[in-house]
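Structure at a glance
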Amino acid sequence: MILELNELDASILDKLTAQLYIVPPLYYTAKGAEDFAKAPIGTGPFRFISHERDVATKLAAFESYWEGSSKGKPLVDEVIFKVIPEAASRVSALQLGTVDIISQVPADMTPLIERSGNRLVYQDTASLLMVWFASDIYPFLQDTRVRQALNYAVNSDAILASLAGGYGTRLASPLTPLSLGFDESLVPYPYDPEKAKALLAEADFDMSQALEFSYTSNIDKTIAEAIAADLNKLGLKVTLKAMDLNAFNDAWFRFSEPNPTALFIASWGGLFDPASEAFFLHSGYGASYYNNPEVDSQLQAAQATLNLDERAAHYQEVTKLTHEDPAGIYLWSPASLYGVSARVLDWQPHPRDIIIVSNTALK
């Protein structure tokens, strides 16, 4: 296969390996997208058996899978991925022995995993949790001092410790620790409400100005509530707005009206190559409500070279610029928490939150 690009794209390999999937063209064409999804043919060590929507997907070992593949070998005869939406039900299933691995373990349920004789496994990820500012829509957010003040106003360390069990890494910018160019010398904004008040006064911020703050069901409501509470302690007028995920995304990505709220909390994963950040930070991209010409320039320069050291240097500049001129309230990079049965051997979590069970056996 040959790809012809109209300009240099240094992140092309990340895009091809992380966002595209190979399917058999003749079978896909004959079946069509809908029927292919019901009976897919893939390229891994397990083959598709069945799928029941919102219930389970079954795979079986493909014994003829080629030796030496980076995907490993199947060491169990069958794998069943069950859909269990409620966290308490997932934990209970692990305790009862009806499942072997569970994902998305809430921090407050981690003691139940360990007390039951199972293992708690966590993996640092390239995921990002922050409160984004819709700065180019709301004039009062276009003053850098206001955006800095909102960062000083939130006690992110305390919220991370109390509501997320400390399973995460505080951020000083939108780049995560697993990203190329992450600058570990940058210090996250400390909790300093007096500094926040001083900056708001210096910016002559209208404290009666309403700030609507939206969140969706895939965000822990208590985290959004804690952030809003810290902001309101300053005398700000922040109101929370629960939104349907599709409506939230439509507003964020400008697919439909209304505009996003002034503040909106969102998590995003798989940001290993910082080129992904351009979507949220470059002023020319649809999902960005941030406008900093220097950041635009650094992002473009990073895309225009294949030299990793040069790319890293450009992204380090992005981290410094977006630290001083915040695109949002920087919270943390969440860790993924898993509960693993004691009978599972040699399973390791994947930093992209993909559950891979090749090379994994059972006692």
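That block above? That's the structure.
One structure accompanies this document, and this report is about it. (Residues numbered from 1 in each chain as written. Predicted model: local features only at pLDDT ≥ 70, side-chain atom pairs only at ≥ 80, totals over all residues. Heavy atoms only, no water.)

1. A closer look at the overall build of the protein chain
Heads up, the rule is: Secondary structure is summarised from DSSP: a helix means a run of H or I of at least four residues, a strand means a run of E of at least two, and numbering begins at the N terminus for each. Here the radius of gyration uses the C-alpha set of atoms, whereas the globule reference equals 2.2 Å times the residue count to the power 0.38. A 1.4 Å probe rolled over the protein chains alone gives each residue an accessible area, and that area as a share of the maximum for its type sets the label: buried under 20%, exposed over 50%, partly exposed in between. By definition in these notes, contact holds between two residues if any of their heavy atoms fall within 4.5 Å. The Shrake-Rupley method, run with a 1.4 Å probe sphere, supplies the accessible areas, and residue values consider only the shown protein chains as cover. Note that His is not counted, nor are the chain ends; the positive residues are Lys and Arg, and the negative ones are Asp and Glu. To locate a charge, take NZ of a lysine, CZ of an arginine, CG of an aspartate or CD of a glutamate.
Regarding its fold elements, the protein chain presents twelve helices and 13 strands. Relative to the 2.2 N^0.38 estimate, which gives 21 Å for 363 residues, the radius of gyration of the protein chain is 23 Å and therefore close to what a compact globule would have. Projected onto its principal axes, the C-alpha positions of the protein chain cover 70 × 55 × 40 Å. Classification of the 363 residues of the protein chain by burial places 44% in the buried group. Restricting to contacts in the protein chain with at least 6 residues of sequence separation, those with at least 24 account for 67%. If you sum the accessible surface of the protein chain, you get close to 19000 Å²; carbon and sulfur atoms cover 53% of it. On the protein chain, the mean spot of the 27 positive side-chain charges and the mean spot of the 45 negative ones are 7 Å from each other.

2. A look at the sheet that holds strand β3 (residues 78-82)
Here is the rule we go by: Any two strands between which DSSP finds at least two bridges are classified as paired. Interaxial angle, 0 to 180 degrees, is taken between N-to-C directions of lines fitted to C-alpha atoms, where a helix line uses only the stretch in contact.
Strand order across the open sheet formed by three strands is β1-β2-β3, with antiparallel pairing between neighbours. The two strands at the open ends of the sheet, each matched to only one other strand, are β1 (46-52) and β3. Neighbour-to-neighbour, the strand axes of the sheet open up by a mean angle of 20°, direction not taken into account. Note that strand β2 (residues 56-61) and β3 share five bridges and pair antiparallel. From the neighbouring strand, Ala56 faces β3, where its bridge partner is Lys82.

3. Some thoughts on the packing of aromatic side chains
This is how it is decided: Pairing of aromatic side chains requires ring centres within 6.5 Å, counting the rings of Phe and Tyr and the six-membered ring of Trp. Pairs whose planes differ by under 30 degrees are stacked, by over 60 edge-to-face, and all others tilted. Charges are assigned to positions over rings by a cutoff of 6 Å between ring centre and Lys NZ or Arg CZ, combined with an angular limit of 35 degrees from the ring normal.
Following the criterion strictly, the structure yields 24 aromatic pairs and no others. One aromatic cluster is present, formed by Trp132, Phe248, Trp252, Phe253, Phe255, Phe264, Trp268, Phe279, Phe280, Tyr285 and Tyr289 through successive ring pairs. Above the plane of the ring of Tyr289 lies Arg254, whose end atom (NZ or CZ) is 4.1 Å from the centre.

4. Remarks on the packing of helix α5 (residues 144-153) against helix α7 (residues 193-202)
The line we're drawing: Our angle categories are set so that under 35 degrees counts as roughly parallel, over 145 as roughly antiparallel, 65 to 115 as roughly perpendicular, and the remainder as oblique. For a crossing to be left-handed, the near helix must be turned anticlockwise from the far one by less than a right angle; the clockwise case is right-handed. Amino acids are sorted into nonpolar (Ala, Val, Leu, Ile, Met, Phe, Trp, Tyr, Cys and Pro), charged (Asp, Glu, Lys and Arg) and polar (every other residue, Gly among them).
Orientation of α5 relative to α7, taken along the N-to-C sense of each, is 160°, at an axis distance of 8 Å. Relative to α7, the element α5 lies roughly antiparallel. Crossing handedness for the pair α5 and α7: left-handed. Here Arg145, Val146, Gln148, Ala149, Tyr152 and Ala153 of α5 lie close against α7, whose contacting residues are Pro193, Lys195, Ala196, Leu199, Leu200 and Glu202. Residue composition of the contact of α5 with α7, grouped by class: eight nonpolar, one polar and three charged.

5. A closer look at helix α12 (residues 308-324)
Three- or four-residue spacings in an α-helix give side chains the same orientation, since the helix completes a turn every 3.6 residues. Threshold: Expected helix span is given by 1.5 Å per residue-to-residue step, counting one fewer step than there are residues. Here a polar contact is taken to be a pair of N or O atoms separated by no more than 3.5 Å, where protein atoms must pair a possible hydrogen donor with a possible acceptor and residues adjacent in sequence count only if both atoms sit in side chains.
With 17 residues, α12 extends 25 Å from end C-alpha to end C-alpha; this agrees with the ideal 24 Å at 1.5 Å per step. Along α12, the positions that sit buried rather than exposed are Arg311, Ala312, Tyr315, Val318, Thr319, Leu321, Thr322 and His323. Two to three positions downstream of the cap, the backbone nitrogen of Asp309 sits 2.9 Å from a side-chain oxygen, assigning the N-cap of α12 to Asn307.

6. Focus: the pairing of strand β9 (residues 237-242)
Cut-off, in case you're wondering: Here a crossover is taken to be right-handed if, once the strands point away from the viewer, the path from the first strand over the helix to the second is traced clockwise.
Direction of pairing for strand β8 (residues 210-215) relative to β9: parallel, over a ladder of six bridges. Pairing of Ser214 across the sheet is with Lys241, part of β9. With respect to chirality, the unit in which β8 leads through helix α8 (residues 221-233) into the neighbouring parallel β9 is right-handed.

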